[in-house]
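Architecture and fold: a report
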Amino acid sequence: MNTTQVKAFGTASADADLKELNIQRREVTAKDIEIEILYCGVCHSDLHTARNDWGGTLYPAVPGHEIVGKITKIGSEVTKFKVGDLAGVGCLVGSCQTCDSCKKDLEQYCSSGWVGTYNSDDKHLGGHTFGGYSEKVVVEEHFVLKVPTNLDLAAVAPLLCAGITTWSPLRHWKVSKGSKVAVVGLGGLGHMALKLANALGAEVTLFSRTPDKIQDAKELGAHNVVISTDEAQMKAVMGTFDVIIDTVPTLHDINPYVATLNTSGTLVLVGYLGPLDPFLNTVPMIMGRKSVAGSLIGGIAETQEMLDFCGEHNIVSEIEIIKMQEINQAYERMLKSDVKYRFVIDMASL
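Summarised in this report is the structure supplied together with it. (Residues numbered from 1 in each chain as written. Predicted model: local features only at pLDDT ≥ 70, side-chain atom pairs only at ≥ 80, totals over all residues. Heavy atoms only, no water.)

**Regarding unusual backbone geometry**
For the peptide bond that leads from Asp277 to Pro278, omega is 5°, which places it in the cis range. Within the secondary structure, Pro278 is located in the loop between strand S14 (261–269) and helix H9 (283–288). Cis rather than trans, the peptide bond between Lys340 and Tyr341 has omega equal to -10°. Following the sequence through the fold, Tyr341 ends up in the loop between helix H11 (327–335) and strand S17 (342–346). Of note in this structure, Asp105 is not a glycine but carries a positive phi near 65°. With respect to the element layout, Asp105 can be found in the loop between helix H2 (100–103) and strand S7 (115–116). (Helix = DSSP H or I, 4+ residues; strand = E, 2+ residues; numbered from the N terminus.)

**Here we look at the pattern of salt bridges**
Using the criterion set out here, one finds 11 salt bridges in the structure. Two residues, Glu305 and Arg171, come together in a salt bridge whose shortest N-O distance is 3.0 Å. Here the residue Glu305 occupies a position in helix H10 (residues 300–313), and Arg171 occupies one in helix H4 (residues 162–172), the gap between them amounting to 134 residues. By relative accessible area, Glu305 is classed as partly exposed at 30%. By relative accessible area, which is 36% here, Arg171 ends up partly exposed. Through salt bridges with shared partners, a single ionic network connects Glu320, Arg333 and Asp338. (Salt bridge = Lys/Arg side-chain N within 4 Å of Asp/Glu carboxyl O. Buried < 20%, exposed > 50% of the residue type's maximum accessible area, 1.4 Å probe, protein only.)

**Side note on the nonpolar core**
Nonpolar side chains in soluble globular proteins tend to be buried together. Counting 91 residues, the largest nonpolar core has Tyr133, Val156, Leu194, Ile327 and Tyr331 as the members making the most contacts within it. The leading source of residues in this core is helix H5 (residues 188–199), at 6 residues. Filtering out sequence-adjacent residues up to four positions away, Leu194 remains in contact with Val183, Leu186, Val204, Thr205, Leu206, Ala217, Leu220, Gly221 and Ala222. In terms of nonpolar packing, the next biggest core, distinct from the first, is built from 16 residues, Val226, Met234, Val237 and Tyr257 among them. (Core = buried A, V, L, I, M, F, W, Y, C linked by side-chain atoms within 4.5 Å. Contact = heavy atoms within 4.5 Å.)

**Looking at the sheet that holds strand S12 (residues 224–227)**
Across the sheet, 6 strands lie side by side as S12-S11-S10-S13-S14-S15; this open sheet has parallel pairing. One side of each edge strand has no neighbouring strand; the edge strands of this open sheet are S12 and strand S15 (291–294). On average, each strand axis in the sheet is tilted by 25° relative to the strand beside it, whichever way the strands run. Sheet strands in contact with H5 are strand S10 (180–184), strand S11 (203–208) and strand S13 (241–246), and its direction is about 160° off that of S11. (Pairing = 2+ DSSP bridges. Axes fitted to C-alpha atoms, helices over the stretch in contact; angles between N-to-C directions.)

**Examining the state of the cysteines**
On inspection of all chains with the given rule, the structure shows 0 disulfides. Considering cysteine sulfurs only, Cys161 is the nearest to Cys91, which forms no disulfide, with 3.9 Å between them. On the basis of relative accessibility, which here comes to 9%, the residue Cys91 falls in the buried class. Of all cysteine sulfurs in the structure, the one in Cys110 sits closest to Cys96, which takes part in no disulfide; the separation is 3.5 Å. (Disulfide = S-S within 2.5 Å.)

**Things to note about H11**
Where H11 is concerned, the buried positions are Ile327, Asn328, Ala330, Tyr331 and Met334. Down the axis of H11, the smallest arc covering the buried residues is 160°, so these residues share one side. Elements that come into contact with the buried residues of H11 comprise strand S1 (3–10), helix H1 (44–50), strand S16 (319–323) and S17. Residue Ser337 follows H11 closely and has a positive phi angle near 55°. (Arc of directions from axis to C-beta.)

Everything listed here is a matter of coordinates, which is why it stays silent on function.
Below is the structure:
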C-alpha cells in the first residue's frame, strides 16, 4: 500500500517529552477520506497514553482523538462527503461492522475490538494507529463525521470525545424535559454534561467539593450546585436524582452520590477506570432499585446525532487554544486542572 510521510508530534517513551516526528499515512483507498487537520482537542486519555499510565502504550505514540479539519481527498466509493467539506474524527477509526454491537450502531462495544484513532492495531499498514497531533489523517468514510458549519470549528473538536462521552449516557438513560440530572466533576467532561443536560430540558445540578465553582457552573447550565463536602447539603438532596453523570477521572468514594439517587436512579461512571475504594455499599441500591453503571464514548450514529444537536442549539466546548509546541506544558497544566475546560491545538502551528 502506498504511503505519504507527514509531520506529527509524539513521544518515544513514557518519560520523554512529545516532540516533532514523521509518520506514514496511507494513500486513500476506495472507501477512505483524507482530512487536513485544522484543530485537535487534548484529552486526559492523550496524557495517560503518552505516559503509559494504563499500560500497553505502543511507541512511538501520537495521541489525539478530537479531530476537525477539511477533506482534501476522497476514495472512489465515498458517497456522503466531497472534497472541501468540514469533517470530524473522534475516538474510533474502525470496527468489524458485523457483530451485534456494530449492527446496533454501538461500534464502541465491538465484540471483535474497535480500532482506536491512536494506539490500536493498524489494519491497513500494520503497526499501530497514530492520532490527530499530525498534519492529516486518512479514515474510512463510515467513521468520519459531518461538522455543523455554524459552530466555531476549534471549539467543536472536544465534542468528539468530551461531548459524546457525556451525551451517550444522557440519551441512553432517556434524559429529557423534567429529568433531574446531577454531574460530578467540572472539567472537560463535566462542563459538557452540564451544557447538554440543560439543553435536553433537565433540571441540572453540579456536585462540587468547594464553592469556588458555583458561578462557572451556573453559567455553563447548572441550575443548582451542591457542595459535596457539606453534610447538610448532601442530606438535603438524598433520593433526588434520576441520573448522575460522574466524570471524575481519579479514584473517589461514590457512595455519598449513590445515596442521592431517586428510586430507580442510575449513577453512570464515565471518567474513572479501575476498582472502587471504598467498596460500593449495595444497601441503598437494593432498597431503592438504584444502579451504578458505566458508559464508553458513543457510536458513530450517536456521535453524529450529538453534533447535529449541538449545531441546532449552538453548543460548543469552552476552550483554550494552544500551539502544538506547547503540548508538554499543557499536559502539566492538565494534571493541575489548570484549564477551562479543554485545550485545543491549532494545527497550523505544526
